[in-house]
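# Understanding the architecture of this molecule
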Amino acid sequence: MMAGCTSRCRQGMQKLIQSLQRLVSGTLTKDKADDELEMTMVCHRPEGLDQLEAQTNFSKQELQILYRGFKNECPSGVVNEETFKHIYAQFFPHGDASTYAHYLFNAFDTTNNGSIKFKDFVMGLSILLRGTLREKLEWTFHLYDINKDGYINREEMTEIVRAIYDMMGKYTYPALKGDVPQQHVDAFFQKMDKNKDGVVTLEEFIVACQEDENMMRSMQLFENVM
């Protein structure tokens with residue numbers, strides 16, 4: 001029974017991501033949205049819809065469609081880390097996305113309770129997909145700040161960078177040497193750690209990314225799968 005529930009939850013997440021892709025690409029038209037909303041039952045209306053609309057960059061219609069992806073197949077309204085990893089791995093079939101998905105899951109799990117509620121998920125997506133540049137960079141900084149002490153150290157950045165290389169796989173990097181991730185971390189720190197104190201602050205992170213477009217793209221990898 002538990003396996004069946006997990007399977008249904010995965011299917012629901014896949015539906016949610018498909019709806020999300022249409023929202024971002026603009027192919028989810030008003031008529032299509034209206035048709036989907038007609039199929040949405042009252043129980044698929046998220047609690048505090050007006051508050052969520054005010055707190056995010058999504059409309060009520062968009063929020064209801066996204067919420068349906070949770071509730072149709074995941075009656076509990078939450079996603080655990082196992083399901084999150086399974087869905088995220090489908091974007092990177094040639095590599096191992098489990099470690100990066102773990103860190104990404106923790107970034108969405110703002111309450112640190114081992115599950116992502118709809119509000120957590122949609123608040124994060126709102127920033128990543130439609131937030132200001134600073135909002136996106138702040139969210140990305142918190143992803144890299146694994147121990148949540150307000151700084152990024154070399155060990156934390158190395159963990160994330162290695163996870164990214166593992167996720168992209170040998171298909172993308174066929175001749176990747178073991179020391180390449182460390183070389184990238186060294187290059188990042190040389191540009192970011194302005195006062196050379198061994199850690200990167202939020203402001204150092206933001207300034208460095210704004211000054212280097214390539215660095216900014218590499219730091220916001222999550223957006224590329226949406």
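So, a few notes on the structure that sits alongside this text. (Residues numbered from 1 in each chain as written. Predicted model: local features only at pLDDT ≥ 70, side-chain atom pairs only at ≥ 80, totals over all residues. Heavy atoms only, no water.)

This next bit is on the overall build of the chain. Within the chain, the secondary structure is distributed over 12 helices and 4 strands. Among the 226 residues that make up the chain, the fraction classed as buried is 45%. If you sum the accessible surface of the chain, you get close to 11900 Å²; carbon and sulfur atoms cover 51% of it. (Helix = DSSP H or I, 4+ residues; strand = E, 2+ residues; numbered from the N terminus. Buried < 20%, exposed > 50% of the residue type's maximum accessible area, 1.4 Å probe, protein only. Areas by Shrake-Rupley, 256 points an atom, 1.4 Å probe, with all protein chains shown as cover.)

For Ser126, the position within the fold is in helix 7 (residues 118-130). Those residues within four positions of Ser126 in sequence are excluded, and the remaining contacts are Thr56, Asn57, Phe58 and Gly131. (Contact = heavy atoms within 4.5 Å.)

Residues of helix 5 (residues 81-89) that are buried: Thr83, Phe84, Ile87 and Tyr88. Down the axis of helix 5, the sector holding all buried residues measures 130 degrees, keeping them to one side. For helix 5, the capping residue at the N-terminal end is Asn80, with a side-chain oxygen 3.3 Å from the backbone nitrogen of Glu82. (Arc of directions from axis to C-beta. Polar contact = N/O pair within 3.5 Å; in protein donor to acceptor, adjacent residues only side chain to side chain.)

This part takes up the packing of helix 8 (residues 133-144) against helix 11 (residues 202-211). To characterise two packed helices, one gives the angle between the axes of the helices and the distance between these axes. It is at 10 Å that the axes of helix 8 and helix 11 come closest, and there the two elements cross at 125 degrees. In this view, helix 8 runs oblique relative to helix 11, as classed from their interaxial angle. Regarding helix 8 and helix 11, the two cross each other, and that crossing is right-handed. Of helix 11, the residues touching helix 8 (which contributes Leu133, Arg134, Leu137, Glu138, Thr140 and Phe141) are Leu202, Glu203, Phe205, Ile206, Cys209 and Gln210. Broken down by class, the residue content of the contact of helix 8 with helix 11 amounts to 7 nonpolar, 2 polar and 3 charged. (Axes fitted to C-alpha atoms, helices over the stretch in contact; angles between N-to-C directions. Parallel < 35°, antiparallel > 145°, perpendicular 65-115°, else oblique. Left-handed = near helix turned anticlockwise from the far one by under 90°. Nonpolar A, V, L, I, M, F, W, Y, C, P; charged D, E, K, R; others polar.)

Before going further, it helps to examine the packing of aromatic side chains. Per the counting criterion, the structure on display carries 7 aromatic pairs. One aromatic cluster is present, built from ring pairs that chain together Phe84, Phe105, Phe108, Phe121 and Trp139. (Phe/Tyr/Trp six-rings, centres within 6.5 Å; stacked < 30°, edge-to-face > 60°.)

Here the focus is the environment of Val185. In this structure, Val185 sits in helix 10 (residues 180-192). For Val185, a relative accessible area of 0% corresponds to the buried category. When sequence neighbours within four positions are dropped, the list of residues in contact with Val185 reads Arg154, Met157, Thr158 and Val161.

Turning next to unusual backbone geometry. For Lys148, which is not a glycine, the phi torsion comes out positive at approximately 60 degrees. You can see Lys148 is positioned in the loop between helix 8 and strand 3 (152-153). Non-glycine residue Lys196 carries a positive phi angle of around 55 degrees.

This paragraph deals with the pattern of salt bridges. Summed over the entire model, instances satisfying the criterion amount to 8 salt bridges. With its nearest N and O atoms 3.0 Å apart, the salt bridge here joins Glu138 to Arg134. Taken together, the positions of Glu138 and Arg134, both in helix 8 and 4 residues apart, correspond to about one turn of that helix. Its relative accessible area of 35% is what places Arg134 among the partly exposed residues. Among the ionic contacts, a cluster of salt bridges with common partners joins Arg134, Glu138 and Glu203. (Salt bridge = Lys/Arg side-chain N within 4 Å of Asp/Glu carboxyl O.)

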